[in-house]
Number of protein chains: 2
Amino acid sequence: MSTRIKIKALLESTQTDIDVTVKGWVRAFRQNRFIALNDGSTNNNVQIVVDFENTDPALLKRITVGAAISVYGKLIASQGKGQTVEVIAETIEILGDSDPEKYPIQPKKHSLEFLRENAHLRFRTSTFGAIFRVRHSLAFAIHKFFEERGFVYLHTPIITASDAEGAGETFHVTNFDLNNVPKVDGEVDYKQDFFGRSANLTVSGQLEGELGAMALSDIYTFGPTFRAENSNTTRHLAEFWMIEPEMAFADIIDNMDTAEALLKYVIAYALDKNKEDIEFLTQRLLDEEKQKPQNERSEMNLIEKLQFCLANNFERLTYTEAIDILKESTPNKKKKFQYPVEGWGTDLQSEHERYLVEKHFKKPVILTDYPKDIKSFYMRQNDDGKTVAAMDILFPGIGEIVGGSQREERLDKLEQRMDELGIPKDELWWYLDTRRFGSCPHAGFGLGFERLVLFVTGMGNIRDVIPFPRFPKNAEF
Amino acid sequence: MSTRIKIKALLESTQTDIDVTVKGWVRAFRQNRFIALNDGSTNNNVQIVVDFENTDPALLKRITVGAAISVYGKLIASQGKGQTVEVIAETIEILGDSDPEKYPIQPKKHSLEFLRENAHLRFRTSTFGAIFRVRHSLAFAIHKFFEERGFVYLHTPIITASDAEGAGETFHVTNFDLNNVPKVDGEVDYKQDFFGRSANLTVSGQLEGELGAMALSDIYTFGPTFRAENSNTTRHLAEFWMIEPEMAFADIIDNMDTAEALLKYVIAYALDKNKEDIEFLTQRLLDEEKQKPQNERSEMNLIEKLQFCLANNFERLTYTEAIDILKESTPNKKKKFQYPVEGWGTDLQSEHERYLVEKHFKKPVILTDYPKDIKSFYMRQNDDGKTVAAMDILFPGIGEIVGGSQREERLDKLEQRMDELGIPKDELWWYLDTRRFGSCPHAGFGLGFERLVLFVTGMGNIRDVIPFPRFPKNAEF
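Calculation rules
- Residues numbered from 1 in each chain as written.
- Chains lettered and ligands numbered in written order.
- Predicted model: local features only at pLDDT ≥ 70, side-chain atom pairs only at ≥ 80, totals over all residues.
- Heavy atoms only, no water.
- Buried < 20%, exposed > 50% of the residue type's maximum accessible area, 1.4 Å probe, protein only.
- Helix = DSSP H or I, 4+ residues; strand = E, 2+ residues; numbered from the N terminus.
- Pairing = 2+ DSSP bridges.
- Least-squares fit on C-alpha atoms with pLDDT ≥ 70 in both.
- Contact = heavy atoms within 4.5 Å.
- Salt bridge = Lys/Arg side-chain N within 4 Å of Asp/Glu carboxyl O.
- Axes fitted to C-alpha atoms, helices over the stretch in contact; angles between N-to-C directions.

Undergrad: Whenever I open this one, the pairing of strand β15 (residues 365-371) of chain A confuses me. Can you help?
TA: Strand residues, when the strand is regular, have side chains that alternate between the two faces of the sheet. Residue and element names in this part refer to chain A. For β15, a buried count of seven out of seven residues is recorded, marking the element as mostly surrounded by other parts of the structure. Across four bridges, strand β14 (residues 315-318) lies against β15 in parallel orientation. Bridge pairing links Arg-316 to Ile-366 in β15. Relative to strand β16 (residues 387-395), β15 is paired through six bridges, and the arrangement is antiparallel. For Pro-371, the partnering residue across the bridge sits in β16 and is Thr-387.

Undergrad: Where do I start with the relation of the copies chain A and chain B in this structure?
TA: The relation between the two chain copies is a rotation about an axis coupled with a shift along that axis. Mapping chain A onto chain B is achieved by rotating through 180 degrees and translating by 0.0 Å along the same axis, at an RMSD of 0.0 Å. The transformation just described matches what one would write down for a two-fold rotation axis. When C-alpha positions in chain A are compared against the rotation axis, the closest is assigned to Val-173 of chain A, at 2.5 Å. An overlap of 100% is found between the interface residues of chain A and their copies at the interface of chain B, pointing to a shared contact surface.

Undergrad: I tried to follow the sheet that holds strand β6 (residues 152-153) of chain A on my own but got confused; where do I start?
TA: Adjacent strands of a sheet form backbone hydrogen bonds with each other and so pair up, either parallel or antiparallel. Residue and element names in this part refer to chain A. Spatial ordering of the open sheet is given by β6-β12-β13-β18-β17-β16-β15-β14, a layout of eight strands whose pairing is mixed. Only two strands of the sheet have a single partner each, and these edge strands are β6 and β14. Sheet topology note: the strand β12 (residues 218-226)/strand β13 (residues 239-248) ladder contains nine bridges and is antiparallel. By the bridge assignment, Pro-224 is partnered in β13 with Trp-241.

Undergrad: So what exactly am I meant to see when it comes to the environment of Thr-91 of chain A here?
TA: Among the structural elements, Thr-91 of chain A can be located in strand β5 (residues 85-96). Considering only alpha carbons, one finds Thr-91 of chain A and Thr-21 of chain A, 70 residues apart in sequence, at a separation of 9.5 Å.

Undergrad: I would appreciate a short explanation of the pattern of salt bridges in the present structure.
TA: When the charged atoms of two side chains with opposite charge come close together, those side chains can pair. The full count for this structure, using the stated rule, is 68 salt bridges over all chains. In this structure, the salt-bridge partner of Asp-287 of chain A is Lys-290 of chain A, at a minimum N-O distance of 3.4 Å. Classification of Asp-287 of chain A as partly exposed rests on a relative accessible area of 35%. Relative accessible area serves as the criterion here: at 55%, Lys-290 of chain A is assigned to the exposed category. One salt bridge connects Arg-4 of chain B with Asp-39 of chain B, and the closest N-O pair in it is separated by 3.5 Å. Remark: Asp-39 of chain B occurs in the loop between β2 (34-38) and β3 (46-49) and Arg-4 of chain B occurs in the segment before α1 (7-11); sequence separation between them is 35 residues. Judged by relative accessible area, which is 21%, Arg-4 of chain B ranks as partly exposed. With relative accessibility at 0%, the residue Asp-39 of chain B sits in the buried group. Shared partners join several salt bridges into a network, and the residues in it are Glu-210, Glu-246, Arg-407 and Arg-435 of chain A.

Undergrad: Just to check I follow, could you spell out the sheet that holds strand β1 (residues 18-30) of chain A for this structure?
TA: Residue and element names in this part refer to chain A. Within the closed barrel, the five strands sit side by side as β1-β2-β3-β5-β4. Their pairing is mixed. For this sheet the average axis-to-axis angle between neighbouring strands, irrespective of direction, equals 55 degrees. Pairing analysis gives two bridges linking strand β3 (residues 46-49) to β5, with the strands arranged parallel. Within β5, the position partnered with Ile-48 by the bridge is Val-87.

See the structure below:
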């Protein structure tokens, strides 16, 4: 017996006529002779050739789809099509059977919805193996990008007491017996709860991230964030991962440059490291789009779209310029938008973002300088008195993938804006302290990790790019 | 003006007599002449030399501890002690003032407790700058280790519905108004809650991690985990980060080898990348220990301890062997243990672990094959019918830093154990499915990230190695 070699390494081997041990799960077994074996290290299967005439029929019967097996044999150059090497089995050991009558993952095309219900087994399909290997590479590339640039990875808290940002519905975290919540004068007595106060799951690590940046210069978070919104869409999750860099001594231009560089870096990394996975996902998307009418199909395939994104500068323009374009656009004039664009000041809807990105510029777009009334209190106020130094990056097919801004570093301006919006300053004393002591221009942004994975894998539903999605009425697995 | 250069790069510069712009926070200002400036990129400050006779006195007055400044000037070889280069200031700009009467972080030694209460500003001290840079490097090295070995980083869910593992008290996650929890027949009506069922914060990603490993071969998690235990100790947090690798086709020996290799890899990485930080922390610990009686001081300093850990194999022995050593030990015979070691079967207390690691072997220890009754249901049962293939790694000064096992891959054995322990099999149908379809030997472990950071930084309180610690009655920031 030899040490087990992973299938990815085996398929890349330049040596043949050597003894190998491979282990994995049977994807297919043809003619009692050819096993397609996969161990998750690569999208490709290795072909195992079985000498069925000299193999115990009882063993052959147990080589079923989904079974885990160990194969010892000789690696040889393959005569067949589709592979350069194959393994001539000398011994086959069944590690774990898989009853073909009961195994949910059959060697056929399952619907994505069926696989979502079997998320514990969908990793064993080519599509989901590819998705989660790509997801891994994107995550690693994010860490690598920031490591190379001297950013400190900061674990900001998941459980927070401050709900001051008001960024949406939050989940409560409690140690109370919900059958018997202690009350004082008819109100919940949070003093008795675990943290001695009301606590929630974080919606963003930004505010705490800024505290780190105002000492360490450049930090980033990469952690889970939560929204208790009752949104059953293909773009929203109750639990999702965000990357939030914060940079001291940086303005909105530095912010845009860093975000664009980050996105290009991680896409390039995945294209290089996961070539076969992305080729597979490109073909998957082509097959899926074949069922659509010609005019709804993408102009570029997945790989082309990713390469295009690397090769071109993102289009940078202000919100005000975008409104002008939208007002004059054909769909607006022909009243094709659900929400007509009439004037300056309203928030952009998904249909408007998609028009800008997919029809007008046909490339990623960075919109800046939004009206302050549709943006958060911590964004730096521009001199015009109307706008803030915000920046959103819009991606084709995805919409907003990055949202960020230069932060308001001036204590008086920040406090004034908090007062206007009714945000309690005493709860955020620690945030304001960074403006009291050694404040400086700084900027940051949030990147929605699952939206990035959607873009790079070409998948259409965000529930398919996170291992075990959380959404209304679902916390299975 | 030139582009800003970070202080780490500036201090490593081999060029002098060049114009530079540096930005950072004032750590000290001596004799109206020498500014110690730090920007968090390194433990070291750069010395800024001010020509005070030709500088506006109003400006000089604003160069206070904690102020953020931008300096343009010439980088020259330094004549002074303690630095090789310094910057002769040409212009100084105050970016953010810091009132010396009010700024909490004074240029003196603050207690760790005081700094914990000012966790939003403690990043600006040498000690916490060093800690969080080391923490970053350890996190990056963990990702790098697994990337090099083909592991897939898997984001297992934070919100889970299954409390089946019974690993301790969990936090509830709910969308209910706690003042008005809906009930049916006097019981909480979870059907109305966000997820349509009772939900908690995860205590471990292991079970979901195994699902990934049973398809992708090697996966790891690195995410937050939670315990709602009312423990006010220097070793426990309510929210902490764990790394949990799971490996298919692996046994307990592979598991030990991987865990030991991982720990050595990341310690070596931090020693290399954060030499100055760890030197600073070594001196800090020496200073702290000077206040202890001689016999309570460490035999090795921090760097020596880390290097020793790299240079020596971890001691591997069984629980049974450990019990024999402890029974015969001097403290046991002299009744110095709070919990006397009398026989086989009881769990080891911290004092026993410390004796083994710090007194008997004087090196990291891997204990294996614990009695099944003190370990979890998913651990693989050994042939002796009494023990399971568990492995715990014990570190000097820390105690258990890793806990893991070969997992029970045999459906009948697993179900039998679940029945014995009253663990509901229907709730874990998806976990059992991996044993029904293509099961295989596999193993994994959990590494407590903060305990690792404690070990490498030489800090004594776990609340000092996570940015914003969560513990009973505390969720500030």
